[in-house]
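Chain by chain, the residues:
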Amino acid sequence: MLNLIRSTVFAAALGVTGMAQAQEDITITLVPGLTTDAFYITMNRGAQAAAEALGITVDFQGAEEFDPVLQTPVLDAVIARQPDAILIAPTDSVQMIEPLRRAHDAGIPVITVDTFIGDGNYQDGAGDGDFPISYIASDNIAGGRMAARFMAEQIGGEGKVYVSNVRPGISTTDQREEGFKAEMAENYPDVEVLETQYNENDASLAASQFQAVLARNPDIAGVFGANLFSALGAGNGVEGAQKSEDVTVIAFDAPKSIVDNISSGVVDAAIAQHPAEIGYYGVVTAYAVLTGQSVPTSIGTGFTVIDADNVNDEDIAKFIYSE
Ligand code: T6T
């Protein structure tokens, strides 16, 4: 860790008070959910923009799959290198608490981006996962509710739909499903939400699950793909079954592949998160912590809905994720 400690000692030796750590020496590590996902690639783009603006270094270290068993050794290696702060998208809200506590115990400030640990309310003295300093992310319950409203409008307020999701235990996708179901239950009593299909972040599995749901429910009216791979797979499944005319697909996330599916009519709407904004504010928040500022315990970032009406608009292009 370059560290505050070292520069404070140095400052003290020089008899200088209030001397801050040299900016060019600050190193923050961003640990994504996985390295090859356009969402996290875009988050890193925002993080690098903030690093450049601040004259600090941000490195990007992650696993190749969204899995706490694979993320933990990556995190342990990051802790061993002692960065000044860790920004991380924890891949499980319970299983990543103890690995992250090791960073905290080593004196490295932890900020979570995109996903949270514990109950997501940090620094309130309650719960095991209370120690991260801040959480920067989309409001995923609100996003799930938005998805439900777009779905309900498209299917005329009635019919069978299901959520294609990754696996339980991921804060973001759990909350999107929760918001989706709550909105349907409260406002669309004639929409029946079938059992969730879990795909382990595998788009091929999500596509074949659509075929199986269709076989059991020939009148299926819609699928909500709760993240990039779920939505991509749901779209491919619907297209493969030649059901695009009859089945509404609402996607969370907006890589180019999903935007292309909007243009071709396979996906009806995508709720684009603003991952670059998450990365940018994540780095700025870590920098503020490292330079002695107080920071909010949570920062909410926005959404942009992309559909056939605006997909070709110039000002939409910046919300399409980088690959
Ligand atoms: O939807 C994003 C992210 O918000 C979620 O936590 C995991 O999946 C994505 O990375 C998309 O693949």
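Note that the structure is a prediction, hence the values are computed from the model and not measured.

Enquirer: Before we go on, may I ask you to explain the side chain of Thr301 in this structure?
Expert: With respect to the helices, strands and loops of the structure, Thr301 is situated in strand β12 (residues 298–301). Thr301 gets classed as buried once you look at its relative accessible area, which sits at 9%. At a separation of 3.3 Å, a polar atom in the side chain of Thr301 contacts the main-chain amide nitrogen of Ser138.

Enquirer: Please explain the packing of aromatic side chains as it appears in this structure.
Expert: For any pair of aromatic rings, the description rests on two quantities: the centre-to-centre distance and the angle between the ring planes. Evaluated as defined, the whole model comprises eight aromatic pairs. Aromatic side chains Phe116 and Tyr135 sit 5.4 Å apart centroid to centroid with 85° between the ring planes, which places their arrangement in the edge-to-face category. One end of the pair, Phe116, is in the loop between β4 (110–113) and β5 (134–138); the other, Tyr135, is in strand β5, with 19 residues separating them in the sequence. Judged by its relative accessible area of 9%, Phe116 falls in the buried class.

Enquirer: Explanation requested: unusual backbone geometry in the structure shown.
Expert: What is expected of a backbone is that most residues other than glycine have negative phi and most peptide bonds are trans. Of note in the backbone geometry, Gln123 takes a positive phi value of approximately 65° without being a glycine. Mapped onto the elements of the fold, Gln123 is located in the loop between β4 and β5. Residue classification places Gln123 among the partly exposed positions, given a relative accessible area of 45%. Backbone geometry places Asn201, a non-glycine residue, at a positive phi of 65°. With respect to the helices and strands, the residue Asn201 is situated in the loop between β8 (197–198) and α7 (203–216).

Enquirer: Can you walk me through the site of the ligand in this structure?
Expert: Close to the ligand lie 13 residues; Asp37, Asp114, Thr172, Arg176 and Asp253 are nearest. A distance of 2.6 Å is found between an oxygen atom of the ligand and a side-chain nitrogen or oxygen belonging to Asp114. One of the side-chain nitrogen or oxygen atoms of Gln273 is found 3.0 Å away from an oxygen atom of the ligand. Relative to its unbound accessible area of 300 Å², the ligand is 99% covered by the protein chains. For the shell around the ligand, the elements supplying multiple residues, two or more each, are α2 (38–54), α6 (171–187) and α8 (228–240). Looking at the shell around the ligand residue by residue, the class counts come to five nonpolar, four polar and four charged. Residue contributions to the shell around the ligand reach at least three from each of two domains, namely domain 1 (2–138 + 274–302) and domain 2 (140–272 + 307–317).

Enquirer: How should I be thinking about the side chain of Ser171 in this particular structure?
Expert: Relative to the helices and strands, Ser171 resides in helix α6. Reaching out from Ser171, the side chain makes a polar contact with the backbone nitrogen of Phe116 at a distance of 2.9 Å. When neighbours within four sequence positions are excluded, Ser171 is seen to be in contact with Thr115 and Phe116.

Enquirer: What is the right way to read the sheet that holds strand β1 (residues 27–31) from this model?
Expert: Within a sheet, each strand pairs with its neighbour through backbone hydrogen bonds, oriented either parallel or antiparallel. Here six strands make up an open sheet; going across it, the order is β2-β1-β3-β4-β5-β12 and the pairing parallel. The strands lining the two open edges of the sheet, one partner per strand, are β2 (57–60) and β12. Averaged over all neighbouring strand pairs, the angle between strand axes comes to 20°, with direction disregarded. Relative to β4, strand β3 (residues 85–88) runs parallel, the two being bridged by three bridges. Paired with Ile86 across the bridge in β4 is Val110. Against the sheet, helix α3 (residues 68–80) engages β1 and β3, with an angle of about 160° to β3. Running at roughly 170° to β5, helix α10 (residues 275–290) makes contact with β1, β2, β3, β4, β5 and β12 of the sheet.

Enquirer: Just to check I follow, could you spell out the environment of Gly143 for this structure?
Expert: Note that Gly143 resides in helix α5 (residues 140–154). Each C-alpha atom, one on Gly143 and one on Phe252, is 8.2 Å from the other, the two residues being 109 residues apart in sequence. In this structure, Gly143 is in contact with Phe252, Ile271 and Phe303, ignoring residues within four places of it in sequence.

Enquirer: Explanation requested: the domain arrangement of the chain in the structure shown.
Expert: Accessible area lost on assembly of the parts is the figure often given for the size of an interface. Domain parsing of the chain yields domain 1 (2–138 + 274–302) and domain 2 (140–272 + 307–317). Placing a centre on the C-alpha atoms of domain 1 and another on those of domain 2 gives a separation of 31 Å. Facing 17 residues of domain 1, the contacting portion of domain 2 comprises 14 residues. Carbon and sulfur atoms make up 51% of the area that domain 1 and domain 2 hide from each other, which totals about 1,100 Å². Sorting the residues of domain 1 by area buried against domain 2 places Phe66, Phe116 and Ser138 first, and these three jointly supply 36% of that buried surface.

Definitions and cut-offs
Residues numbered from 1 in each chain as written. Predicted model: local features only at pLDDT ≥ 70, side-chain atom pairs only at ≥ 80, totals over all residues. Heavy atoms only, no water. Helix = DSSP H or I, 4+ residues; strand = E, 2+ residues; numbered from the N terminus. Buried < 20%, exposed > 50% of the residue type's maximum accessible area, 1.4 Å probe, protein only. Polar contact = N/O pair within 3.5 Å; in protein donor to acceptor, adjacent residues only side chain to side chain. Phe/Tyr/Trp six-rings, centres within 6.5 Å; stacked < 30°, edge-to-face > 60°. Near = heavy atom within 4 Å. Areas by Shrake-Rupley, 256 points an atom, 1.4 Å probe, with all protein chains shown as cover. Nonpolar A, V, L, I, M, F, W, Y, C, P; charged D, E, K, R; others polar. Domains from an automatic or database assignment. Contact = heavy atoms within 4.5 Å. Pairing = 2+ DSSP bridges. Axes fitted to C-alpha atoms, helices over the stretch in contact; angles between N-to-C directions. Buried area = accessible area lost by both parts, 1.4 Å probe.

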